[in-house]
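One-letter residues, chain by chain:
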Amino acid sequence: MSTASPASPASGPVNAPQPAFPTEDSGASRRRLPGDLAVWFFILAELLAFAVFFLSYAFARARDVALFNASQLTLDLNAGAINTLLLVTSSWFVVRAIQAVKRDDKAGGVRWLAAAMLGGFGFLVVKVFEYAAKFDAGITLSTNTFYMFYISLTFFHFMHVILGLVILGVLLANTWRGAYGRDAYHVLESGGAYWHMVDLLWIILFPLVYVMR
Amino acid sequence: MQYKSQAVATPYFIAAIGLFAGQILFGIVLGLQYVLGDFLFPAIPFNIARMVHTNLLIVWLLFGFMGAAYYMIPEESETELFSPKLAIALFWIFLVAGALTIVGYLAVPYATLAQLTGNDLLATMGREFLEQPLPTKLGIVVVALAFLFNITMTVLKGRKTSISIVMLLGLWGLAVFFLFSFYNPANIVLDKFFWWWVVHLWVEGVWELILGAMLSFVLIKVTGVDREVIEKWLYVIVTMTLISGIIGTGHHFYWIGAPEYWQWWGSIFSALEPIPFFALTVFAFNMVNRRRREHPNKAAVLWALGTGVMSFLGAGVWGFLHTLAPVNYYTHGTQITAAHGHMAFYGAYVMVVLTMISYAMPILRGRAANSNKAQVLEMWSFWLMTVAMVFITLFLTAAGILQVWLQRVSESPLPFMVAQDQISLFYWLREGSGVVFLIGLLCYIASFFVRGEEKTA
Amino acid sequence: MSGAFSKSMARNIFFGGTAFFFFLFLALTFDTIQQYPKRDMRQNITPQVAAGKHIWETRNCVGCHTLMGEGAYFAPELANVVARLGSKEAVKAFIQSRPVEGIPGRRSMPQFNLTEEELDAIAAFLEHVNTINDANWPPNVQG
């Protein structure tokens, strides 16, 4: 899958002269997997679940394009766009947090993580307003196939944002305690990778469900 | 054996095998009733025999799990069992309660049994797999709680390994989800929905934790591979199991009155369910290939590998075969389901319990492994039972495909019984395979009595 | 690719992932329960229907039959039996007429000696089940 490295390119294009990866053992120019392999198994499993979900959406849509197009018009594009912006920015904040911690800049790490969490919370708030409008209109999982997918996919993702925020919260607390630094950013990277996945999924979900016609 | 108190596992394993034999005998009766409808009628009608068959399966697997826990937990915790006396007392209580229940099924009409045992106070009986009278159900809860207390206290006072944690979580989950068997509303739709909280969340949820823990324990022992390696893979596999399996419960909600979105949720997540089983197979083979020692108990290694392969085939492949809603619309409640059920239960749970027994029994009897002669016979029993089960599954699958075609798909659908008559050939073949399975089981039991030069540790 | 693979991370993911999916399952369960009044025809569950379910259970009907596809596969599906046989009366007559000693060489249903009241109850229960919205299952009247 082309999504194998949402984390690594993010840490690549830093314009600071320092190498993107610690290259103490640069003799063997092996590529290092950021974060824990266990988290990558989990990310892969999650991506697979979403992939099957997206494919099911495409399949169901192909069988009733008219219904999907008509129902899609009722979605709030602005809310979706704002949320995209919030998550992408939040993801970038996490990158900055990891870079700060790699410089042993604890305060910077805490600040950037807090900013990232703010973005995540912002996403949740916007989403709650969006849901409230839909539920007020009497829309449920059983309204029609489009809304079934709309609510299922966005709610499944919504819960991932919550889980991601819990993870960021733990990372923030640990950074605050000084648990991470130049030689110990392994867990931070693992959590960051998860947050990038949450972001990435939204970047696929938003155009697929809200925009594409 | 490293700890004296591990010996309490012995009666549990013996009872498990005894009840297993009973289960298979009733299986043979059921198979015969499929083709000779009046066999043993009206003395033992099909529903009674089936109840005995399935309840014995559950009870002997529980004996197996408990025996396994009593064997594993002291060794994992590096301490004696909290209370061996309690373990022995619980064994007798559970065995007597189980035996009385089976006698009750066979001796009096089910409606009378219900009346005698207070089903009118709290109606819980007469639902598939949960047919046990109220006192038995309460007994199961009491035994389970006392057992869990014993095991948990042992873990708490000793070393806490990942295998112990996963095993404990599985056993606690087993007890907790069993509580839903006491919920039986007059609304059949609600009844069915929460019935699956017992049945599915057992076999495709918490039991798989038990399975993973048991298999990992045996693999560490017979391969000598680093515990650290095995335990982290155990975590990865059980994570996959639960993230696919919990929402995968949805594949039971398609046609029982639940909202129709379950057709999507259930299909999507149960499509992922084969992955953890595949991982389990790869895991077992990998660990055996990376073994650091040649364990004298070759039979146990064979069972362990067999568990991986057969659980993948039975639960993974045969499950996937009919799990997608559009397919399941036609296959639901046919012999296809029976085919999957047989191979999945055998491949996952029967085999993992036999793996544990195969590994632990020789040690409990004071040797590292059985004599070569005994092991050869045990391996024969492995192949006889496993191949017989493959054929049972294939014949039931063929019967199921024909049944779906004749009864549900063709231009002029046939009534149920007419369709059944058309496929009786496959039921005969299945019965033949069942007899081979029984022969395999007899070889298995005989292997315990074969002497010869035994290997000391 | 080199990289760490630690047991503590695998364990945390196991607990976190399990909790996550269990919460998701609870959320879907909550929605399901909300939707049930629209599908399960609970307004028709009279005391007689409830008594019929009790007969269904205490005679262990599910040991041979399926109901909405769940049960044993030895005897016909019963969720739509009222539709298949045409009426509640036909269902009652069938249950009532089972020979005590069975039918030689064939599968047969036991004679349960139900009273008239019990027969009415089980028939009412089966009629109720036939009205539940089960997504158009079974595919045809043969079950």
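Residues numbered from 1 in each chain as written. Chains lettered and ligands numbered in written order. Predicted model: local features only at pLDDT ≥ 70, side-chain atom pairs only at ≥ 80, totals over all residues.

A.B. asks: Explain the overall build of chain C to me, please; I cannot follow it from the model alone.
C.D. replies: For chain C, the count of helices and strands is 5 helices and 2 strands. The N-to-C order of helical and strand elements in chain C reads α-α-β-β-α-α-α. The C-alpha radius of gyration computed for chain C amounts to 22 Å, which surpasses the reference 15 Å derived for 143 residues by more than 25%, pointing to a less compact arrangement than a globule. For chain C, the proportion of its 143 residues judged to be buried stands at 47%. When contacts within chain C are restricted to residue pairs at least 6 apart in sequence, long-range pairs at least 24 apart make up 64% of them. (Helix = DSSP H or I, 4+ residues; strand = E, 2+ residues; numbered from the N terminus. Rg over C-alpha atoms; globule rule 2.2 N^0.38 Å. Buried ≥ 20, exposed ≤ 12 C-beta atoms within 10 Å, placed from the backbone. Contact = placed C-beta atoms within 7 Å.)

A.B. asks: Would you explain the environment of B:Leu30 in this entry?
C.D. replies: Residue and element names in this part refer to chain B. Mapping Leu30 onto the fold places it in helix H1 (residues 9–35). Look at Leu30 and you get buried, because 21 C-beta atoms sit within 10 Å. Residues Leu30 and Leu40, 10 residues apart in the sequence, show an inter-C-alpha distance of 10.0 Å. Apart from residues lying up to four places away in sequence, Leu30 is in contact with Phe46, Ala49, Arg50 and His53.

A.B. asks: Can you walk me through the interface of chain C and chain A in this structure?
C.D. replies: You'll often see interface size given as the accessible area lost when the parts meet. The interface of chain C with chain A comprises 15 residues on the first partner and 15 residues on the second. Partitioning the side of chain C that touches chain A into residue classes produces 8 nonpolar, 6 polar and 1 charged. (Nonpolar A, V, L, I, M, F, W, Y, C, P; charged D, E, K, R; others polar.)

A.B. asks: Is there a simple way to think about the confidence of the model for chain C in this case?
C.D. replies: Segments scoring low in pLDDT should not have their predicted coordinates read at a detailed level. Mean pLDDT over chain C: 96, with 98% of residues reaching 70 or higher. The ipTM value of the predicted complex is 0.97, and its pTM value is 0.94. (pLDDT = per-residue confidence, 0-100.)

A.B. asks: Help me out: how do you make sense of unusual backbone geometry in this one?
C.D. replies: Note: most residues except glycine have negative phi, and most peptide bonds are trans. For the bond running from B:Phe41 to B:Pro42, omega is 0°, close enough to zero to count as cis. Of the consecutive residues C:Trp137 and C:Pro138, the connecting peptide bond is found in the cis state with omega at -5°. Summarising the element assignment, C:Pro138 is placed in the segment after helix H5 (116–131). Here C:Ala135, not a glycine, exhibits a phi torsion of approximately 55°, which is positive. As for its position among the elements, C:Ala135 is in the segment after H5. Given 18 C-beta atoms within a 10 Å radius, C:Ala135 is considered partly exposed.

A.B. asks: In this structure, what is going on with helix H11 (residues 298–321) of chain B? I would like to understand it.
C.D. replies: Along an α-helix, residues three or four apart share an orientation, since each turn contains 3.6 residues. Residue and element names in this part refer to chain B. Taking 1.5 Å of rise per residue, the 24 residues of H11 would be expected to cover 34 Å, and the 33 Å separating its terminal C-alpha atoms lies within 8% of that figure. If you look at H11, its biggest bend is around 25°, right at Leu313. With 17 of 24 residues buried, H11 lies mostly within the body of the structure. (Expected span 1.5 Å × (residues − 1). Bend = angle between axes of the 7 residues up to and from the residue.)

A.B. asks: Can you help me understand the interface of chain B and chain C in this one?
C.D. replies: At the interface, 62 residues of chain B touch 61 residues of chain C. Broken down by secondary-structure element, the contributors of at least two residues to the side of chain B that touches chain C are helix H2 (46–77), helix H4 (110–116), helix H7 (188–223), helix H8 (227–248), helix H12 (325–331), helix H13 (335–364) and helix H14 (372–409) of chain B. Here the element with the most residues in the side of chain B that touches chain C is H8(B); it accounts for 11 residues. Here the side of chain B that touches chain C is built from residues that sort into 37 nonpolar, 14 polar and 11 charged.

A.B. asks: Just to check I follow, could you spell out the environment of A:Ile139 for this structure?
C.D. replies: All names here are of chain A. Here Ile139 is to be found in the loop between helix H5 (106–136) and helix H6 (145–177). The spatial distance from the C-alpha of Ile139 to the C-alpha of Ser56 is 21 Å, given a sequence separation of 83 residues. Not counting residues within four places of it along the chain, the set of residues in contact with Ile139 comprises Lys134 and Tyr147.

A.B. asks: What exactly am I supposed to notice about the domain arrangement of chain C here?
C.D. replies: Assigned domains of chain C: these are domain 1 (1–38) and domain 2 (42–143). Domain 1 of chain C and domain 2 of chain C are separated by 39 Å when their C-alpha centres are compared. (Domains from an automatic or database assignment.)

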